[in-house]
Amino acid sequence: MITNRGKAIRTGLLLGGAALVLPFAAAPAFAQSGASEEDDGASIIVTAQRRNEKLEEVPMTVAVVTQETLATAGVNTIRDLANVTSGFQVGQGGSFPQPAIRGVTALAAGSYENNIAVFVDGLYQTTPQILNFDLPSVQSIQILKGPQGTLYGRNATGGAILIDTIDPDDTWTGLVEATYARFNDYRGRAFVAGPLSENIGISLAGTIRHTDGYNKRASRTTPGAFDGNFLGLKQETFRAKLKADISDAFSATLAYSYGRGSDARGIIFTPIENVSADYTPATGAATRPQGLGEVSGDAFELDARAHEGSLKLELDTGVGKLRSITGYGVTKVRTTFDFAGSYVPDSYSDSIARDRTFQQAIDLAIDSIDNVDLLVGGNYYNITTRIDEIPNTAYAYVGPAVNPAVTTVPLSGYAKATEGFFFRKKEAWAIFGDVTVKVADRLSLNVGGRYSQETQNVSGYQIGYNLTTGAPASCAYSIAGETRFGLTCTNGASAKRSSYNKFTPRASIRYELSPGTNIYASYSKGFRGGEWNAQIPSNNPALWRDTRQETVDSFEVGLKHAGSRLRFDLAAFYAKYNDLQVSFTSLVNVGGVNTALVILQNAPSARIYGIEGNLDFKVNDDFSIRAGASFLNARYGNNFFFTGSGVNPAGTGFNTNSDPFKKLPNITVPQDLSGLQMSRAPDFSGFVGFEYNVPMGEGGLKFAANLKYTSSYVVTNPAVWGGDRTYNARISDADPSNNGPPINTQLFIGSTFADSPRASEQRARQEAFAMLNASITWTDPSDHFYVRVWGNNLTDVKYRIHYNPLFTGTYQPIGEPLTFGGTIGYKF
């Protein structure tokens, strides 16, 4: 519930933003934002603490990736940043990309915000699909590791990613390039930026990319054969900025961006392990694929479109810089998928999710006080989500029983089973303050805090249809118990409301050992509000509950050095993670229709500790080396009793595999995951890369390569092979002596696996792998024209971006295999 005080603060923020429209605000002419390199070549200027400062003086771990590294290391999307950044990766949660920093990641499948916050030009990005978009005109990327609750607020539980795009400068710059690569991959990229007049500048940027895809389409008629590649990517982005220096003290930047991505890689549900025996009698089921990267099915569409407009105003007040950022965005995601992942025309699901976001942020950075940097501010978010046509559920349409090898059933030939609507409105506001005091020539202290409040309102309805007549047959639940389509919703009203709040402080101490060398110690806290399932469990609003909000408390000590040729950082960290939000997708039967239900859960706790180091060494003017490594121990805490997927030793699967556990059908059971490895948290990951330049005038030949190694890790679902079918009955027993934890070995009692030590072994695991990217770039002596030949994943490793055991079987879409191509371009 928002109090009068909260409304007053929110109103003040909005009025403050409106007040900045008056023509007396500030910024130097066409100043670049984000990370940049100073003229001495040693100091990198970053904005991690919402002000410009040297990277080595920031008391936290910050990875900075520049334009040049993006180009030569094969980084096209945020997902690819894992190759050049330690302790960072991007996985998949169904159709939604999910980043992870030091083991902190989102594991809730569905339309939810991630707990690694992404900001583009200062605007918070609510839609996860931006992580899959190509990067059109990036000035720099900063990855802030560890909780950022004070400076960046909600959903920065594990860290934040700051992307700054190119601003207009006082000279014209531009680039145009074209790329052709394996899998018929066409790419185009261009930007231009410069002054329109003495005080007005403009920048325009765009990308386009179309590919045939790298997944192999299984033959509909011939088992073991393939009909080429499919599930290609189609993507277009456009970004425009108009910046005006209205006076010496006032600047305004008006921006618009559009992105469209058609990327079905996230909705590959073809199981190749633990395939349910239910498919054995289904004619044509023998065409089901057996290997990684092999896909079948009849419905594959994931089309995301996003529009965003913003206004940034900056005012030099004489005591500091006052900044306002106002943004409004509209996103639409259409998803159509075959959840069984075969050509058998049993079912498919269709949904449209719409997001509308308004945000207002204001901060004042005061730098006029000797030896003090003071930052105060606040922000307001309003995010509305609606899922139309079909709720976030599979088995919404049911097809006829025919032989798919003989008869192809169009989607229009399926009978509608359910139709629904889900509405969610989040309203959040926060105020914060942060101060850094230089208490001595070499000693600085920092303390800050943010108070956040978030309110959510959710509701929906669901209609069941007669599969024969197509007429509405039942109303499972409604928004307020009213009649829908002439049907009475007997299960009552679904409208729910929840509120979350948290104070997220931070503190640090930094000491300068010598110019360019600092040691520090810091504490920070992160916060993420609770979430509601987009589908009501068992169609009963009484069972519909939100997850608890999650928090992270993190401690870090570190050493940073920046010299003329050598730059390195070393950090040790410890984090206590409470109420992690996780999910599992189960199969329930409601009204005779099988429905996939996402079960949201909380893991009570986890603890994370490790050590991380990075270095950049400029051997000489033409040869440089970069490297990084992360040693991580991330484990779930005690009493993490998970409703997950084990395997049924009494069942018979429908696939071949040398591992007998991967042939058994899956079964939903309670499991004890206490002390096991957290998802997306490899014990070790590291990279090493180099760039070597052979000068030719202002251009030359540049050789670059980057090798990334990752040890074995749990990709997504943390489930184990075993489980306890007696647990739910035991805990409902009146005898408290029966209320122990789930016993993972119980599932195998009486079977040939009774003595197997694998009952508590996590099953959705990616083996260790190494990935090599390399490129050779020729630039003409005038430094305008360039040609690049490149190869990514030269080791051709098949690595999983998602790994999920479900009721139909275990599916595991993969990342891009060996890819090579050529790029030509012109820059000025």
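Residues numbered from 1 in each chain as written. Predicted model: local features only at pLDDT ≥ 70, side-chain atom pairs only at ≥ 80, totals over all residues. Heavy atoms only, no water.

A. Looking closely at the state of the cysteines. The final tally for this structure, using the stated rule, is one disulfide. Here Cys-475 pairs with Cys-489 through a disulfide, and the sulfurs are 1.8 Å apart. Judged by the sign of its S-S torsion, about 60 degrees, the cystine formed by Cys-475 and Cys-489 is right-handed. Of this pair, Cys-475 sits in strand E29 (residues 472-477) while Cys-489 sits in the loop between E29 and strand E30 (496-514), and the two are 14 residues apart along the sequence. Judged on exposure class, the residue Cys-475 and its partner Cys-489 are both buried. (Disulfide = S-S within 2.5 Å. Helix = DSSP H or I, 4+ residues; strand = E, 2+ residues; numbered from the N terminus. Buried < 20%, exposed > 50% of the residue type's maximum accessible area, 1.4 Å probe, protein only.)

B. Representation of the sheet that holds strand E45 (residues 810-811). Taking strand neighbours across the sheet as the criterion, the three strands line up as E19-E45-E44 in an open arrangement whose pairing is antiparallel. This sheet does not close on itself; its edge strands, each paired only once, are strand E19 (271-273) and strand E44 (804-805). Two elements, E44 and E45, share two bridges in a ladder whose sense is antiparallel. Among the inter-strand pairings, Pro-805 is bridged to a residue of E45, identified as Thr-810. (Pairing = 2+ DSSP bridges.)

C. Structural detail: the nonpolar core. Counting residues in hydrophobic clusters, the biggest one holds 23 residues, and the most contacted among them are Tyr-577, Leu-580, Ile-608, Tyr-636, Phe-640, Phe-642 and Met-678. When residues of this core are traced back to their parent elements, those giving at least two are strand E33 (566-590), strand E34 (593-620) and strand E35 (623-636). Top contributing element to this core by residue count: E33, with six residues. Non-local contacts of Met-678, meaning those with residues more than four positions away in its chain, are made with Gly-103, Tyr-577, Leu-580, Ala-606, Ile-608, Ala-634, Arg-635, Tyr-636 and Val-714. Core analysis: the second largest hydrophobic core is formed by 22 residues, Leu-70, Ala-73, Leu-81 and Val-138 among them. (Core = buried A, V, L, I, M, F, W, Y, C linked by side-chain atoms within 4.5 Å. Contact = heavy atoms within 4.5 Å.)

D. Up close: the side chain of Arg-758. Assignment of secondary structure puts Arg-758 in the loop between helix H4 (727-731) and strand E41 (765-766). At a separation of 2.9 Å, a polar atom in the side chain of Arg-758 contacts the side chain of Asp-659. Not counting the four nearest positions on each side in its chain, Arg-758 is found in contact with Asp-659, Phe-661 and Trp-721. (Polar contact = N/O pair within 3.5 Å; in protein donor to acceptor, adjacent residues only side chain to side chain.)

E. Quick look at the pattern of salt bridges. Tallying each qualifying case throughout the model produces 40 salt bridges. Residue Asp-263 is joined to Arg-265 by a salt bridge in which the shortest nitrogen-to-oxygen separation is 2.8 Å. Summarising the burial analysis for this pair, Asp-263 and Arg-265 share the class buried. A salt bridge links Lys-827 to Asp-783, with the shortest nitrogen-to-oxygen separation between them at 3.4 Å. Of this pair, Lys-827 sits in strand E46 (residues 819-827) while Asp-783 is found in the loop between strand E42 (769-779) and strand E43 (785-792), placing the two residues 44 residues apart along the sequence. A relative accessible area of 27% means that Lys-827 is categorised as partly exposed. Given the relative accessible area of 30%, Asp-783 is considered partly exposed. Salt bridges sharing common partners tie together Glu-113, Arg-154, Lys-426, Glu-454 and Glu-531. (Salt bridge = Lys/Arg side-chain N within 4 Å of Asp/Glu carboxyl O.)

F. Fine view of the sheet that holds strand E16 (residues 226-230). Spatial ordering of the open sheet is given by E16-E15-E20, a layout of three strands whose pairing is mixed. Each end of this open sheet is capped by a strand with a single partner; those strands are E16 and strand E20 (294-295). For strand E15 (residues 215-218) and E16, the ladder comprises three bridges, and the chain directions are antiparallel. From the neighbouring strand, Asn-215 faces E16, where its bridge partner is Phe-230.

It is worth stressing that arrangement in space is one thing and function is another; only the former is reported here.
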